[in-house]
Amino acid sequence: YPLRRQRQMCIRDRDSTVLSTYADTPFGDEDLLAFGKGATGDWKSYLQFNLSTIPGNARVVGASLKLYQYIIGGSASNNTIGLYQVTSDWEESTITWNNQPTSSTVAESSCAVTTSNIWRTWYNIADLVQSWLDGSIANEGMLLKATDETIGFAVGCYSSDNTTDTTKRPKLVIDY
């Protein structure tokens, strides 16, 4: 039988940013996802997608995360954002810098960011998505943060709460 390939763009289940200088403040309802080291502190963002529309027996052959970057501040070179597996539970309405969940220490994927007003894509996350689908690891989502947290730059992307242009909300693209 020929391989049947389908593409699915999953909607987010939840997303939020955490900020070191407002360590106890939740930002789950903001229209922004931020990462990097800016003048106002260190930023990280968490995302989780609902995979219930993907058949449980699907074999993932490709997956990528797409975010629309609309702003960058600070250094314009060597800015790389890593995508890391989140390994413990969190809630969009209560996550803060001080209670952020645990995550892996090795990036699943990375993306260079140097300009604004462009879609950014983190490729090659099929193994992670497949593990969520087959239940070998819990889907606690993903963390986006600077791979070098000493470089002074910050990036802003639209979150799932963006109402300015709903077509620019985060997307998890899965080929199976």
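From a predicted model like this one, the values you see are computed outputs, not experimental measurements.

(A) Main features of the overall build of the protein chain. The helix and strand inventory of the protein chain stands at one helix and eleven strands. Ordering the α and β elements of the protein chain from the N terminus gives β-β-β-β-β-β-β-β-α-β-β-β. Relative to the globule expectation of 16 Å for 176 residues, the C-alpha radius of gyration of the protein chain, 16 Å, shows essentially globular dimensions. Each principal axis of the C-alpha distribution contributes one length, and for the protein chain these read about 55 × 30 × 30 Å. Counting every position in the protein chain, which comprises 176 residues, the buried fraction comes to 47%. Pairs at least 24 apart in sequence give 80% of the contacts found in the protein chain among residues at least 6 apart. When the accessible area of the protein chain is evaluated, it comes to approximately 8600 Å², of which 48% is carbon and sulfur surface. Distance between charge centroids for the protein chain: 10 Å, based on 14 positive and 19 negative side chains.

(B) Region of the structure containing the layout of surface pockets. Space inside the largest pocket adds up to approximately 160 Å³. With four residues, strand β5 (residues 62-74) is the largest single contributor of residues to the lining of the largest pocket. Here the lining of the largest pocket is built from residues that sort into six nonpolar, three polar and four charged.

(C) Focus on helix α1 (residues 126-134). Of all the nine residues making up α1, seven are buried; the element is thus mostly covered by neighbouring parts of the structure. Buried within α1 are the following residues: Ala126, Leu128, Val129, Gln130, Ser131, Trp132 and Leu133. Packed against the buried residues of α1 are β5, β6 (80-85), β9 (142-146) and β11 (171-175). Two residues or fewer past α1, Gly135 is found with a positive phi of approximately 80°.

(D) Fine view of empty space enclosed by the protein. The tally for this structure, following the rule as stated, stands at one cavity of 30 Å³ or more. The computed volume of the largest cavity comes to approximately 40 Å³. When residues of the lining of the largest cavity are traced back to their parent elements, those giving at least two are β3 (32-38), β4 (41-49) and β9.

Rules used in this analysis
- Residues numbered from 1 in each chain as written.
- Predicted model: local features only at pLDDT ≥ 70, side-chain atom pairs only at ≥ 80, totals over all residues.
- Heavy atoms only, no water.
- Helix = DSSP H or I, 4+ residues; strand = E, 2+ residues; numbered from the N terminus.
- Rg over C-alpha atoms; globule rule 2.2 N^0.38 Å.
- Buried < 20%, exposed > 50% of the residue type's maximum accessible area, 1.4 Å probe, protein only.
- Contact = heavy atoms within 4.5 Å.
- Areas by Shrake-Rupley, 256 points an atom, 1.4 Å probe, with all protein chains shown as cover.
- Lys, Arg positive; Asp, Glu negative; His and termini not counted.
- Charge placed at Lys NZ, Arg CZ, Asp CG, Glu CD.
- 1 Å grid on protein atoms, 1.4 Å probe; cavity = no way out; pocket = protein on both sides within 12 Å on 5 of 7 lines; lining within 4 Å.
- Points joined across faces, edges and corners; volume = space filled by probe spheres on them.
- Nonpolar A, V, L, I, M, F, W, Y, C, P; charged D, E, K, R; others polar.

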